Amino acid sequence: MARRFFSMTAASMGAAAVIAPIGALAQAEGPAVALDPIVLSGGLTPIPQEAFGRASTVLTEADIAAQGERYIADVLRSIPGLAVSRTGAFGGLTQVRIRGHEGNHTLVLIDGVEVNTVNQGEYDFGGLLTADIDRIEVLRGPQSSIYGSNAIGGVISITTRRATAPGLSGAAGVELGTSNTVNGQLALRQGFENGGLSFSATRQVSDGFDVSGADGEDDGDRNTTLNLTGDYALAPGVVLGGTLRATSRVSDFDGFTFGAATTKDLVVDAPGDYGEVDELFASLFLEAEAFGGRLDNRLAFTFADTDRVSFTNNAKSGDNSGIRRTLAYSGTVALDASTVATAAQTLTFAVQYEDER
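Since this is a predicted model, take the numbers as computed values, not measurements.

### With respect to the environment of R99
Note that R99 resides in the loop between β7 (94-98) and β8 (106-110). For the pair formed by R99 and G81, sequence separation is 18 residues and the distance between their alpha carbons is 5.0 Å. Discounting residues that sit within four places of it in the chain, R99 has contacts with A55, G81, R140 and G141.

### Observations concerning the packing of aromatic side chains
Applying the stated criterion across every chain yields a total of five aromatic pairs. Here the aromatic rings of Y329 and F349 are separated by 6.2 Å at their centres, their planes lie at 50°, and the arrangement is tilted. With Y329 in strand β21 (residues 315-334) and F349 in strand β22 (residues 346-356), this pair connects stretches of sequence that are 20 residues apart. Site record: aromatic cluster; members linked through ring pairs are Y71, F90 and F209. Just above the ring of Y71 sits the side chain of R86; from NZ or CZ to the centre is 5.7 Å. We note R298 situated over the ring of F285; from NZ or CZ to the ring centre the distance is 4.5 Å.

### What to know about unusual backbone geometry
One non-glycine residue, F291, lies in the positive phi region at around 55°. Structurally, the position occupied by F291 is in the loop between β19 (274-290) and β20 (295-312). According to the relative accessible area criterion, F291 is exposed, its value standing at 69%. With a phi close to 65°, N314 is a non-glycine residue in the positive phi region. Relative to the elements of secondary structure, N314 occurs in the loop between β20 and β21.

### Digging into the confidence of the model for the protein
Averaged over the protein, the pLDDT score is 85; the fraction of residues at 70 or greater is 87%. Between residues 1-29, whose pLDDT stays under 50, and residues either more than four places distant or in other chains, the model counts 62 contacts.

### Observations regarding the pattern of salt bridges
One pass over the full model with this rule turns up 17 salt bridges. Between D132 and R189 there is a salt bridge, with the nearest N and O atoms lying 2.6 Å from each other. On the criterion of sequence distance, the pair formed by D132 in the loop between β9 (113-114) and β10 (133-140) and R189 in strand β13 (residues 181-192) is long-range, its members being 57 residues apart. Per residue, the accessibility class of D132 equals that of R189, and both read buried. Linking E356 and R324 is a salt bridge whose minimum nitrogen-to-oxygen distance equals 3.0 Å. With E356 in strand β22 and R324 in strand β21, the pair connects residues that are 32 residues apart, well separated along the chain. The partly exposed category is assigned to E356, whose relative accessible area is 39%. The class of R324 is buried, set by a relative accessible area of 3%. Here the salt bridges share partners, and the residues they tie into one network are D74, R77 and R86.

So, how was this worked out
Residues numbered from 1 in each chain as written. Predicted model: local features only at pLDDT ≥ 70, side-chain atom pairs only at ≥ 80, totals over all residues. Heavy atoms only, no water. Helix = DSSP H or I, 4+ residues; strand = E, 2+ residues; numbered from the N terminus. Contact = heavy atoms within 4.5 Å. Phe/Tyr/Trp six-rings, centres within 6.5 Å; stacked < 30°, edge-to-face > 60°. Lys NZ or Arg CZ within 6 Å of the ring centre and 35° of its normal. Buried < 20%, exposed > 50% of the residue type's maximum accessible area, 1.4 Å probe, protein only. pLDDT = per-residue confidence, 0-100. Salt bridge = Lys/Arg side-chain N within 4 Å of Asp/Glu carboxyl O.

The following block contains the structure:
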């Protein structure tokens, strides 16, 4: 079902939809520097795209905005080799498969944090909005030698927007669309000389539509997402940073009749059937150079907590949750140069401890 969104500039603030950057807070950026394309998640260290030996696709903030979609799953539909399956209306359980593999063979990272559920091993893209997303990397083909068995099909690595210049900047906006859809966004970013801090909040509410086609209850979606990222250089070559992302959503769905006599009877209107999902992802990392930049060290702790509750006829019918804690260290040594940044040949070693409950 197609959706239409309408937005207007600040000159029409009396209208129903307003998009207005906080221009008074924005700082002028310096001249742009053209760099060769880099795949950040292609290995244990970033790698030039032309040197990456597998099929990959990189979508920038501009690419995402040009598609005009509100859910990342709909953006991924345009990438070759990816199959996106959504159950029900917008916000419903959404799987992404790469090259025919199952959904739990696709590893998903958001700001470096693994967000696949502990119990099923896959990530539900139903609540991932495009707001505040800066970059999407899709690595097609097995990446299990680096990322483990969850990456047999491939990796989808998502990076949120960061402060890119000193000073305070931000944006705020409201959009209205069909199905009584309202999307509100707020972002504030503070750039420092030695780092930056970024915060964003998104609230989207939609009545949706009746998936069963029986002119019954509309299957809506209510989504609230908060995101906080930051980093700060404690000393030359020493950076401390972290991320915190929380999503809370409620999505309606209809019933499914197994063994229905006709296709029309497969999906039935089910008022009072819905699901609640709460997600919390966090990370804290320390990066430090040693031996004059010849050795790069990174120590990171990540945390993921997902809680899903389903209701049938307004009564709780299912409840499951999973927690993942990961502590990882990696070191990269320059083999043919005095620093890792200038080396063509490097050696990376790593150790990781993971606890799933």
